[in-house]
Amino acid sequence: MSPEAGSGRWLRAAFQPAWDPGAGDPGRRGFLAPDPRARTLLRVLVSYPEVGYVLPDRVGLETGADARLIETLLRFLGRQEWLVTRVTSG
């Protein structure tokens, strides 16, 4: 399923300037950065079965993702202050 085709939930991050993927980023920043910390974070995120996809600036969740899981991921990502400045859900 492509990210555009899904009707699930998502988490969108605003990044520290050095990590901001910006428009047209080919995946070298944000959640897909090659930095070991970002790679570990990516492995943690995709370990959740409810995570459908990860793009440089957002995490796509399955439609049935539990509100408690979403809150947990919001808190977890919000604590990654070296990477993000804000995380929102939609």
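Residues numbered from 1 in each chain as written. Predicted model: local features only at pLDDT ≥ 70, side-chain atom pairs only at ≥ 80, totals over all residues. Heavy atoms only, no water.

1. Digging into the overall build of the chain
In step 1: A tally of regular secondary structure across the chain gives two helices and four strands.
In step 2: In the chain, the order of α-helices and β-strands from amino to carboxyl end is β-α-β-β-α-β.
In step 3: At 12 Å, the chain has a C-alpha radius of gyration in line with the 12 Å of a compact globule built from 90 residues.
In step 4: Dimensions of the chain, computed from the C-alpha atoms along their principal axes, are close to 35 × 25 × 20 Å.
In step 5: Counting over 90 residues, the chain shows a buried share of 37%.
In step 6: Taking all contacts inside the chain whose residues are at least 6 apart in sequence as the whole, residues at least 24 apart take part in 59%.
In step 7: Here the chain displays about 5,300 Å² of accessible surface, and carbon together with sulfur accounts for 51% of that area.
In step 8: Across the chain, the centroid of the 12 positively charged side chains sits 3 Å from that of the 10 negatively charged ones. (Helix = DSSP H or I, 4+ residues; strand = E, 2+ residues; numbered from the N terminus. Rg over C-alpha atoms; globule rule 2.2 N^0.38 Å. Buried < 20%, exposed > 50% of the residue type's maximum accessible area, 1.4 Å probe, protein only. Contact = heavy atoms within 4.5 Å. Areas by Shrake-Rupley, 256 points an atom, 1.4 Å probe, with all protein chains shown as cover. Lys, Arg positive; Asp, Glu negative; His and termini not counted. Charge placed at Lys NZ, Arg CZ, Asp CG, Glu CD.)

2. Some words on the pattern of salt bridges
In step 1: In total, this model carries five salt bridges according to the counting rule given.
In step 2: A salt bridge links Asp57 to Arg58; the nearest nitrogen and oxygen atoms lie 3.0 Å apart. For the pair Asp57 and Arg58, one class covers both residues: buried.
In step 3: When salt bridges with common partners are traced through the structure, they connect Arg12, Asp57 and Arg58 into a single cluster. (Salt bridge = Lys/Arg side-chain N within 4 Å of Asp/Glu carboxyl O.)

3. Some thoughts on helix α1 (residues 36-46)
In step 1: Those residues of α1 that fall on the buried side of the exposure criterion are Ala38, Leu41, Leu42 and Leu45. The arc that holds the buried residues of α1, viewed along the axis, is 100°, so those residues lie on one side. The exposed set on the far side of α1, more than 90 degrees from its buried face, consists of Pro36 and Arg43.
In step 2: In this structure, the buried side of α1 is in contact with β2 (51-55), β3 (58-61) and α2 (67-78).
In step 3: Between a side-chain oxygen at the N-terminus of α1 and the backbone nitrogen of Arg37 the separation is 2.8 Å; the capping residue is Asp35. (Arc of directions from axis to C-beta. Polar contact = N/O pair within 3.5 Å; in protein donor to acceptor, adjacent residues only side chain to side chain.)

4. What about the nonpolar core?
If you look at soluble globular proteins, the nonpolar side chains tend to sit buried side by side.
In step 1: Core analysis: the largest hydrophobic core is formed by 23 residues, its most contacted members being Leu11, Phe31, Val59 and Leu61.
In step 2: Looking at this core, the elements with two or more residues in it are β1 (9-15), α1, β2, β3, α2 and β4 (84-89).
In step 3: With five residues, α2 is the largest single contributor of residues to this core.
In step 4: Look past the residues within four positions of Leu61 in its chain and what remains in contact with it is Gly8, Arg9, Trp10, Leu11, Glu50, Val51, Gly52, Ile70 and Leu73. (Core = buried A, V, L, I, M, F, W, Y, C linked by side-chain atoms within 4.5 Å.)

By themselves, these figures tell us nothing about what the structure is for.
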